[in-house]
Amino acid sequence: MSEEQFKNVISHAKEYGFVFQSSEIYDGLSAVYDYGQNGVELKKNIREYWWKSMVQLHDNIVGVDAAIFMDPKVWKASGHVDGFSDPMIDNKDSKKRYRADVLIEDYQEKYRVKNQKEITKAKKRFGDSFDEAQFVATNPNIARNNAKIAEIDQRLSDGLESGELHKVKELIEDLGIACPVSGSKNWTDVRQFNLMYSTQMSATDGESQIYLRPETAQGIFVNYLNIQKTGRMKLPFGIAQTGKAFRNEIVARQFIMRMKEFEQMEMQFFVQPGTEMKWYDYWKAHRLKWHQNLGIDSEKYRYHDHVKLAHYANAAVDIEYDFPFGFKEVEGIHSRTDFDLKQHEAFTGKKLRYFDNESNESYVPYVVETSIGLDRMFLVLMSNALQNEDLGEGKSRTVLRLPAALAPYQCAILPVVKKDGLPELSQKIMNTLKLDFNCYYEEKDSIGKRYRRQDAIGTPICITVDHESLEDGAVTIRFRDSMEQKRVAIDELEGIISKEVSIKALLQGLVN
Ligand code: GAP
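Attention here is on the structure that accompanies the text. Computed from a predicted structure; not experimentally measured.

About the criteria used
- Throughout, a residue's number is its position along its own chain's written sequence, starting from 1.
- Two thresholds apply to this predicted model, a pLDDT of at least 70 for residue-level local features and 80 or more for giving and counting side-chain atom pairs, whereas whole-chain, interface and lining totals are computed over all residues.
- The basis for every side-chain value is the complete set of non-hydrogen atoms in the structure, without hydrogens or water.
- Put simply, DSSP H or I for four residues or longer makes a helix, DSSP E for two residues or longer makes a strand, and each gets a number counted from the N terminus.
- Classification of residues uses two cut-offs on accessible area relative to the type maximum, computed with a 1.4 Å probe and protein chains only: under 20% is buried, over 50% is exposed, and between them is partly exposed.
- We call two residues contacting when some pair of their heavy atoms lies within 4.5 Å.
- Computed by Shrake-Rupley with a 1.4 Å probe, the accessible areas treat only the displayed protein chains as cover when residues are assessed.
- By the counting scheme adopted, Arg and Lys are positive, Glu and Asp are negative, and His together with the chain ends is not counted.
- Taken as the charge location is NZ of Lys, CZ of Arg, CG of Asp or CD of Glu.
- Here, nonpolar core means buried Ala, Val, Leu, Ile, Met, Phe, Trp, Tyr and Cys residues that are tied together by side-chain atoms lying within 4.5 Å of each other.
- Boundary definitions for the domains trace back to an automatic or database domain assignment.
- Aromatic rings from Phe, Tyr and Trp, with only the six-membered ring used for Trp, were paired whenever their centres fell within 6.5 Å, and each pair was classed as stacked if the ring planes differed by under 30 degrees, edge-to-face if by over 60, and tilted otherwise.
- A ring has a charge above it when a Lys NZ or an Arg CZ is no more than 6 Å from the ring centre and no more than 35 degrees off the ring normal.
- In what follows, a disulfide is any cysteine sulfur pair within 2.5 Å.
- Note on pairing: DSSP must find at least two bridges between two strands before they are called paired.
- Orientation is described by lines fitted to C-alpha atoms, with helices fitted over the stretch in contact, and by angles between N-to-C directions that extend from 0 to 180 degrees.

**A few points about the overall build of the protein**
Secondary structure summary: the protein contains 18 helices and 23 strands in total. Principal-axis analysis of the C-alpha atoms places the extent of the protein at approximately 80 × 70 × 50 Å. For the protein, the residues scored as buried account for 49% of the 512 residues in total. Looking at the protein alone, contacts between residues at least 24 apart form 65% of all its contacts between residues at least 6 apart. Roughly 25200 Å² of accessible area belongs to the protein as shown, and the carbon and sulfur atoms make up 48% of that amount. Side chains of the protein carry 69 positive and 77 negative charges; the gap between the two charge centres is 2 Å.

Have a look at this one:
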């Protein structure tokens, strides 16, 4: 998908009521978005697919809904107060603040664009006989550009990992990076800025600083013992949660990819120490299967193993999707050891142990975490589904080929005319079907226009009610993807739609 197509995704999302900029009538709040009438349905269905795949399909996984506000000491224990930050730099002339690493990565991108130009030129020159892999491996210009990218990578990670941020500033100066707004190279030093939002909570003894959670995971850790005891859970077992998280992302980029307020779907799987790699491998495979089960081309996904691990992890991998701006993380699977529970033990003085009846010992469980951003998954589905289809004879249509079970509406009911008793019969059909499905009712405009509107929001089935329907008790159903139409009895509708759009069929793909 090109940059141009991605712009189409963003404008389609707005035009068809999926995603709006927050507070748009006040000129918009940067990196904050609202989900419109269709977006909220798609988001709910993705969440449901995730929840059912975790909680309903695994008898050893239960859910929790922890509060966003937590005791501020939680974030001290988890390491977020001291370590959850981004390196920022200000331009003294424009007064704009940037993420130092992003400025550098954007600079590196120029070399990637140069490489791409070399490839496009060579493709034109060699035509069908062009071997891209061989060209990339042997072309001296590409080799030079790649060496430059690697050298910058090395200097950047040296500066960040050692905490010697003056090295990052030196790199920006050596590369001659200028402020995109003022064009000047008049930079401040690079400093770490914490990503957590804080606010004040009033109490009888005054006010205290409290944070908006930057991840949902800690709400699971602090409830580990409550749930293990009251649910009589035996290891291995998991706790799943979906909910909002907040991060003060200074750089607003790529639409709903990087937001200040977003939603996570996280599951912490508690296991016996020593078995964590087995479970890490299980979840790594199972989570990719969850993605591929949505019918997305498997080439669009890849694993990205972390080479440098966070201090609490002994293995970590990202599941990445091929966005128009390259492969980017959608989900992370982390083997978090016993770090979080042990930290909460140390900060509270409470034992967060598990008594193992079999080995007759008690220990702090290890944890394997799966963590996916709901908004990023939404973007994956929208980017993958939106197509402009050439229908021949100068005709085309815009169609959103969402997985049928996740589409905002499962069916649309369309009387051909709004008279002669057709709206009444349509409403009768609607009243039965709406008990099982989210149905769209529309009687305005030509049938062709109404089909196009349903295609554009991804409705898998349209039901057309015509004059004959009054006589023969049958309607025409039209399938979004094939545009095939067939005549079926009204009594058969429920069965046909169920088969086409049920989440059961999706879940089936995960248990086989
Ligand atoms: N508990 C682990 C954790 O929070 P993370 O890699 O920081 O790990 C997990 O976040 C997922 O949350 C990411 O893979 C991404 O999908 C999503 N995510 C993180 N920051 C985000 C942001 N600013 N906007 C949208 N989604 C975000």
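**Some details on the nonpolar core**
One finds I46 and M377 to be the most contacted residues of the largest nonpolar core, which totals 63 residues. With 8 residues, the single largest contributor to this core is helix α13 (residues 374-385). In this structure, this core is formed jointly by two domains, domain 1 (36-82 + 195-393) and domain 3 (403-508), each of which donates at least three residues. The contact partners of I46, leaving out residues within four places of it in the chain, are M265, W290, L374, M377, F378, L381 and L406.

**Topic: the packing of aromatic side chains**
Scanning the model with the defined rule gives 23 aromatic pairs in all. With centroids separated by 6.1 Å and ring planes inclined at 15 degrees, the aromatic side chains of Y224 and F237 adopt a geometry described as stacked. With Y224 in helix α10 (residues 224-230) and F237 in strand β9 (residues 237-246), this pair connects stretches of sequence that are 13 residues apart. According to the relative accessible area criterion, Y224 is buried, its value standing at 0%. Using a relative accessible area of 0% as the deciding quantity, one classes F237 as buried. Each member of the aromatic cluster is reached from another via a ring pair, and the members are F6, Y301, Y321, F323 and F325. The residue whose ring lies beneath R478 is Y451, and the NZ or CZ to ring-centre distance is 4.5 Å.

**Describing the state of the cysteines**
Evaluation of the coordinates by the stated rule reveals 0 disulfides. Summary of cysteine pairing: C411 is not part of a disulfide, and the nearest cysteine sulfur, belonging to C439, is at 3.7 Å.

**A word on the sheet that holds strand β10 (residues 261-271)**
Strand order in the open sheet formed by 7 strands is β3-β9-β10-β16-β13-β12-β11, and the pairing between neighbours is mixed. In this open sheet, the two edge strands, each paired with only one partner strand, are β3 (61-63) and β11 (301-305). Strand-to-strand twist in this sheet, taken as the mean axis angle between neighbours without regard to direction, amounts to 25 degrees. Relative to strand β16 (residues 366-373), β10 runs antiparallel, the two being bridged by 8 bridges. Looking at the pairing, E266 lines up with S371 of β16.

**Brief notes about the pairing of β10**
Within β10, 10 of the 11 residues are buried, which leaves it mostly tucked inside the rest of the structure. In the sheet, β9 pairs with β10 via 10 bridges, with the strands oriented antiparallel. Considered in β10, the bridge of F237 is made with F270.

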